[in-house]
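Coordinate analysis (summary)
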Amino acid sequence: MRVRDTVPFVAAVVATVLLVVTGGGDPAADDDFLGGRQLRLMAPASPGGGWDQTAREMQSALRDIAGRTEVHNVAGAGGTIGLSQFARYRGDPTQLMVTGLVMVGAIESNDSPVTLAATTPLARLTTDYEILTVPAASPIQNLPDLAAQMRADLRAVSFAGGSAGGAEHILAGLIAEAVGADPARVNYVAHSGGGEALATLLSGRATAGVSGVSEMEAQIEAGTIRAIGVSSPQRLPGIPDVPTFKEQGVDVELANWRGIVAPAGISAADETALEELIVKMTGTDTWRETLTRRGWGDATLTGPAFDTFVRSEQQTVTDVLVKMGLA
Amino acid sequence: MQDLLTGFADALTPANLFWAFIGVTIGTAVGVLPGIGPALTVALLLPVTFRLDPAAALIMFAGIYYGGMYGGSTTSILLNTPGESASVATALEGNRMARSGRAAAALATAAIGSFVAGTIGTVLLSVAAPFVADIATGFGPPEYVALMAVAFVTVSALLGPSLLKGASSLVIGAAVGLVGIDTLTGQPRLDFGVPSLLDGIDVVIVVVALFALGETFGHLVEGTGGSRVEPLRGAPMLSREDFRRSWPAWLRGTALGFPIGSLPAGGADVPTFLSYSLEKRLSKHRHEFGHGAIEGVAGPEAANNAAAAGVLVPLLTIGLPTSATAAVILTAFQSYGLQPGPQLFTESGDLVWALIASLYIGNVLLLVLNLPLVKVWARLLAIPAYYIYAGVLVFACLGAFAAGGTVADVLILTVLGLVGLLMREAGVPVAPAIVGLILAPLAEQQLRRALALSDGDATILVSGPLTVSLWVIAILALLAPAAVKFWRSRRPAPS
């Protein structure tokens, strides 16, 4: 009977495929501490956003020095959903997760049961600045225009951005405070990622969009949205025409840093080995090229210095969020 | 159009065709495993393509993608075990057809429908993508609220004979869909303090649990494990009558699938539900629905494939994946060095057109390879149920584990499978639960977002021509059946 013949065939094809998929990784030169196992990188956000980009760029930069790594996305709630899942990998040095300012804020504002204490901070990698945009058809030309509208009727000015309590939300609060409006009354509409927020902005329903520079660059170049300010201390080389907030008389500066953590409970030797691997990765040509292409600032920081940095960020972010009535 | 032809020239080399052939074959082989939908198939097989040069990798990927989609439809029809929400509507009538000995016709109308929709979808994508993208970006939260209203009103055909039971199923699905951390406020909901529920419940797991596990447990409870279905009765493939009934459904399915798939919050599931409802309303053979109406397979299957082409619009123009499969495609693009965005077509046009051509070639190859195999697949039904459903159980668990990578997912799968069994025993249809699962969270999120944008002013929901037209359609769809009934009762038939 024909069917009986095809079943073993299908099974054989599947088995072969699974073997190729799972077993065919190129053996890497120096992954002794991994014992030949594959690193898994979690991007705690949906595909397309800053964390996802970081994870995927790391994946390609790591290919030559640690073999193939797997990137998986766990989206939502400023990365705290990913964090709660990541905490379950306790003691497993093959699991890494991208983190950053957004997660620090989300842990506070979501009152997350799992905090960064459930991780081993390894390294800070990049800083990305935030950009304020309006739809191309908007009458708003610059930050003073927007500030005037915010002073006139704060609730009528809606900001579309990433998850509640994230870098974008914090920035909206800081801008409100700097222009003399109440940060707790900002009309901020949260989305689960930069792509979704962009869709709402493009529909023309939101007054302004707040997002990472790298997430909006393509749209700004294409002219579908207009950038009216950037949160960096100086203008950025990639977008020299966009003035900083400070230039326009709004005293706000915010760096959205991103870094990498391992689960808590890994051995000191594994921690050192992972840190060394990441520092080595930041020196590769692939990673250097990535920083230029994405417009990310190099902010490599490891060891106790990074631990201290994370603690001070937690303090700063908590202060801002309390002022905004979010924590 | 010129660019598309160049794309074809790039893709149509003997070596590339060979890779497309391999892709379609292994895509179908993995996609046909019950409980493993296209997204998972592509994710599992994607690494296979990494060692090829970009053009060959793209075309093999396209083969895997279409193979996985078609494989998924095959198991939905034969075994009533869809591996993703977009195949649920296909399973409804398809499985009824299979059980009454018309499996080959169901598989054939699915394959040809996919091909027709894929062809039109590809042409629309290459001709109208920029234009469609402009309209699609006009869709903000208020427009989605109105679209969801249309969807809720029109999917009533999916609720089945009993309104109460159908609505209960819808509510069960909605409740499952709302589990997890709320995006807008970050508050956990319906998680009962269980951390693994914070991330919500994966749609794939719910679909596989309610259908595949429900079906398996059903056989167990009823003791029908030894039963087998006579695979072929009557007309072997598509009869002339079948074809006559199928082609308008293919076109209507395509007309729904492509535009809705193109929306930045579209996806492929909503159009399949809408297509099923539309076919049921328009059909001259409405009494056949629920017993295996061919339109009910042709329409949703075409809608699914047209939407798959439509989903590429937001993906390519704003880099926004709107379905599970699209998220995997985005990963594939990035691994081939493509960065979706408004400048994708100008910056890496060659590769994009090669991809679009590849998708089309994958589609054609699929038809060529699978149409002759339709009867072979149909013979699967001759195997006694307990052999098949033992395999279903294994692959459903494997699929659930592969999707989330945690044991918790397998436990959730089992619990929902038991819920599916209870629903089945109580005569509650499971398809509305999937509709509730998809539509309810989307509608809720967009409604709250719209009201946030307007600072609580509800008039935003009817602002703009698009929203008003959509609300009018919703109201008409709601009132039309009642009005027709009233009119008929006032003027009784002269018999």
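All values derive from a computational prediction rather than experimental measurement.

1. Here we look at the overall build of chain A
Tallying secondary structure elements over chain A gives 11 helices and 10 strands in all. Counting over 327 residues, chain A shows a buried share of 60%. For chain A, restricting intrachain contacts to residue pairs at least 6 apart in sequence, the fraction spanning at least 24 positions comes to 78%.

2. A word on the packing of helix α9 (residues 203–222) of chain B against helix α20 (residues 431–453) of chain B
In a packed pair of helices, the relevant descriptors are the angle between the two axes and the axis-to-axis distance. All names here are of chain B. The geometry of α9 relative to α20 is characterised by a closest axis approach of 10 Å and an angle of 170° between their N-to-C directions. As judged from the angle between their axes, α9 and α20 are roughly antiparallel. Contacts between α9 and α20 involve Val203, Val206, Val207, Leu210 and Phe211 from the former and Ala431, Ala433, Ile434, Leu437 and Ile438 from the latter. By residue class, the composition of the contact of α9 with α20 is 10 nonpolar, no polar and no charged.

3. Concerning the pattern of salt bridges
In total, this model carries 21 salt bridges over all chains according to the counting rule given. Arg205 of chain A is paired through a salt bridge with Glu143 of chain B; the nearest N and O atoms lie 2.6 Å apart. Here Glu143 of chain B lies in helix α7 (residues 141–154) and Arg205 of chain A lies in the loop between α7 (194–202) and β7 (208–212), a pairing that spans two chains. Where Arg189 of chain B meets Glu444 of chain B, a salt bridge forms, and the shortest distance between an N and an O atom there is 2.7 Å. Highlighted residues: Arg189 of chain B in strand β2 (residues 188–189) and Glu444 of chain B in helix α20, separated in sequence by 255 residues. Since its relative accessible area comes to 25%, Arg189 of chain B is described here as partly exposed.

4. Quick notes on the layout of surface pockets
Leftover empty space is mapped by rolling, across the atoms, a probe with the size of a water molecule. Residue and element names in this part refer to chain B. Put simply, the second largest pocket is a space of about 1,100 Å³. As for the second largest pocket, its lining consists of 39 residues, of which Thr154, Ser277, Leu278, Arg281 and Ala477 are closest to the centre. Of all the elements in the fold, those that place two or more residues in the lining of the second largest pocket are α6 (103–137), α7, α10 (240–262), α11 (269–282) and α21 (465–490). With 9 residues, α21 is the single largest residue contributor to the lining of the second largest pocket. Considered class by class, the residues forming the lining of the second largest pocket number 28 nonpolar, 6 polar and 5 charged.

5. Topic: helix α12 (residues 295–310) of chain B
A rise of 1.5 Å per residue sets the reference length of α12 of chain B, with its 16 residues, at 22 Å; its end C-alpha atoms lie 22 Å apart and thus fit the reference within 8%. Extensive coverage of α12 of chain B is indicated by the burial of 16 of its 16 residues.

6. Looking at unusual backbone geometry
Residues and elements named next belong to chain B. Although it is not a glycine, Leu190 sits at a positive phi angle of roughly 50°. One non-glycine residue, Asp455, adopts positive backbone phi at about 55°. Positionally, Asp455 belongs in the loop between α20 and α21.

7. A short note on the confidence of the model for chain B
Averaged over every residue, the pLDDT of chain B is 84; residues scoring 70 or more account for 94%. Per the prediction output, this complex has pTM 0.80; the corresponding ipTM is 0.79.

8. A short note on helix α1 (residues 2–11) of chain B
An α-helical turn contains 3.6 residues, so a residue and the one three or four places further along point in the same direction. All names here are of chain B. Buried within α1 we find Leu4, Gly7, Phe8 and Ala11. The buried residues of α1 all sit within an arc of 100° when viewed along its axis, so they share a single face. Exposed side chains of α1 directed beyond 90 degrees from the buried face belong to Gln2, Leu5 and Ala9. Packed against the buried residues of α1 are α2 (14–31), α4 (54–79), α6 and α16 (349–370).

Cut-offs used in this document
- Residues numbered from 1 in each chain as written.
- Chains lettered and ligands numbered in written order.
- Predicted model: local features only at pLDDT ≥ 70, side-chain atom pairs only at ≥ 80, totals over all residues.
- Heavy atoms only, no water.
- Helix = DSSP H or I, 4+ residues; strand = E, 2+ residues; numbered from the N terminus.
- Buried < 20%, exposed > 50% of the residue type's maximum accessible area, 1.4 Å probe, protein only.
- Contact = heavy atoms within 4.5 Å.
- Axes fitted to C-alpha atoms, helices over the stretch in contact; angles between N-to-C directions.
- Parallel < 35°, antiparallel > 145°, perpendicular 65-115°, else oblique.
- Nonpolar A, V, L, I, M, F, W, Y, C, P; charged D, E, K, R; others polar.
- Salt bridge = Lys/Arg side-chain N within 4 Å of Asp/Glu carboxyl O.
- 1 Å grid on protein atoms, 1.4 Å probe; cavity = no way out; pocket = protein on both sides within 12 Å on 5 of 7 lines; lining within 4 Å.
- Points joined across faces, edges and corners; volume = space filled by probe spheres on them.
- Expected span 1.5 Å × (residues − 1).
- pLDDT = per-residue confidence, 0-100.
- Arc of directions from axis to C-beta.

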